[in-house]
Amino acid sequence: MFAPWASRASRPVYSLALVLTFVATGCAAAGATVAPPTTATPSLVPAATLTATATQGATSGGGRYGNQATPPPAAAGSVVVKAFMTSLGDVLVGPNGLTLYTHAGDTSLTSTCTGGCASAWPPLTAASAGSAKGGAGVTGTFGTITRTDGTKQVTYNGHPLYYWTGDTMAGQTTGNGIGGFSVARP
């Protein structure tokens, strides 16, 4: 994952550059327009955190979602989406506590983020239709759409929901404004 020549101090910057390059190529290939953030300052993850994540991923095939490169598959029970206060105000967060996003190009029936785009913006999935619900303070309507790969993607008020691989902890909203993605609001 990291270049062997990169020092520990430069790894977060190198990783961020890789993610942004991947998003630009993946989303562009999926037909989405990618514009760099205008005022957002990327928050860097301490090298110790990256080392632990890289070690965990190397030993178990995973990445930033524990032992997996993408969010864990939906459990048999309900997927609970909650509200969380961030510097941008209240946003929706998934069961793992990370910020959820919507994409301007999506419709209530279709996700336009597939392939490389979906690798950078993993969809929030549910085991079945009707298994997503809101926690305290989240009163909108939940549903699901069926993605081209057959998975059920959770929707909120008709908008498919995604994570952003650039967010690594609760409260981060680093994907807001990138390539047509915006934080999902309760």
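First things first, this report covers the structure right here in the doc. Source: prediction; values computed, not measured.

**Observations concerning the overall build of the chain**
Then step 1. For the chain, the helix and strand inventory stands at 3 helices and 9 strands.
Then step 2. Each helix and strand of the chain, ordered N terminal to C terminal, gives the series α-α-β-β-β-α-β-β-β-β-β-β.
Then step 3. Across the 186 residues of the chain, 37% fall into the buried class.
Then step 4. The long-range fraction of contacts in the chain, counting pairs at least 24 apart against all pairs at least 6 apart in sequence, stands at 67%.
Then step 5. Carbon and sulfur atoms form 60% of the exposed surface of the chain, whose accessible area is close to 9200 Å².

**Brief notes about the side chain of Thr86**
Then step 1. Mapped onto the elements, Thr86 comes out in strand β1 (residues 79-86).
Then step 2. Among the polar contacts listed, one links the side chain of Thr86 to the backbone nitrogen of Leu88, at a separation of 3.0 Å.
Then step 3. For Thr86, the residues in contact, after removing those within four places along its chain, are Val91, Gly171 and Thr173.

**Remarks on the sheet that holds β1**
Then step 1. Taken in spatial order, the 3 strands line up as β2-β1-β5 in an open sheet, and their pairing is mixed. Edge strands, defined here as strands with exactly one partner in the open sheet, are β2 (89-93) and β5 (132-134). Each strand axis lies, on average, 30° off the axis of its neighbour in the sheet, ignoring direction.

**Observations regarding the packing of aromatic side chains**
Then step 1. A full pass over the atoms with the stated rule returns 5 aromatic pairs.
Then step 2. Arranged with centres 5.4 Å apart and planes meeting at 80°, the rings of Tyr101 and Trp121 form a pair that is edge-to-face. Of the two residues, Tyr101 is situated in strand β3 (residues 101-103) and Trp121 in the loop between α3 (116-120) and β4 (125-126); the sequence distance between them amounts to 20 residues. Taken individually, Tyr101 and Trp121 each receive the classification buried, so the pair is uniform in this respect.
Then step 3. An aromatic cluster is built from Tyr101, Trp121, Tyr162, Trp164 and Phe181, whose rings are joined through pairwise contacts.

**Examining the state of the cysteines**
Then step 1. Overall, the coordinates contain 1 disulfide when judged by the stated rule.
Then step 2. Two residues, Cys113 and Cys117, share a disulfide whose sulfurs are 2.1 Å apart. With the S-S dihedral at roughly -105°, the linkage between Cys113 and Cys117 falls on the left-handed side. The two residues Cys113 and Cys117 agree in class, both being buried.

Procedures and definitions
Residues numbered from 1 in each chain as written. Predicted model: local features only at pLDDT ≥ 70, side-chain atom pairs only at ≥ 80, totals over all residues. Heavy atoms only, no water. Helix = DSSP H or I, 4+ residues; strand = E, 2+ residues; numbered from the N terminus. Buried < 20%, exposed > 50% of the residue type's maximum accessible area, 1.4 Å probe, protein only. Contact = heavy atoms within 4.5 Å. Areas by Shrake-Rupley, 256 points an atom, 1.4 Å probe, with all protein chains shown as cover. Polar contact = N/O pair within 3.5 Å; in protein donor to acceptor, adjacent residues only side chain to side chain. Pairing = 2+ DSSP bridges. Axes fitted to C-alpha atoms, helices over the stretch in contact; angles between N-to-C directions. Phe/Tyr/Trp six-rings, centres within 6.5 Å; stacked < 30°, edge-to-face > 60°. Disulfide = S-S within 2.5 Å.

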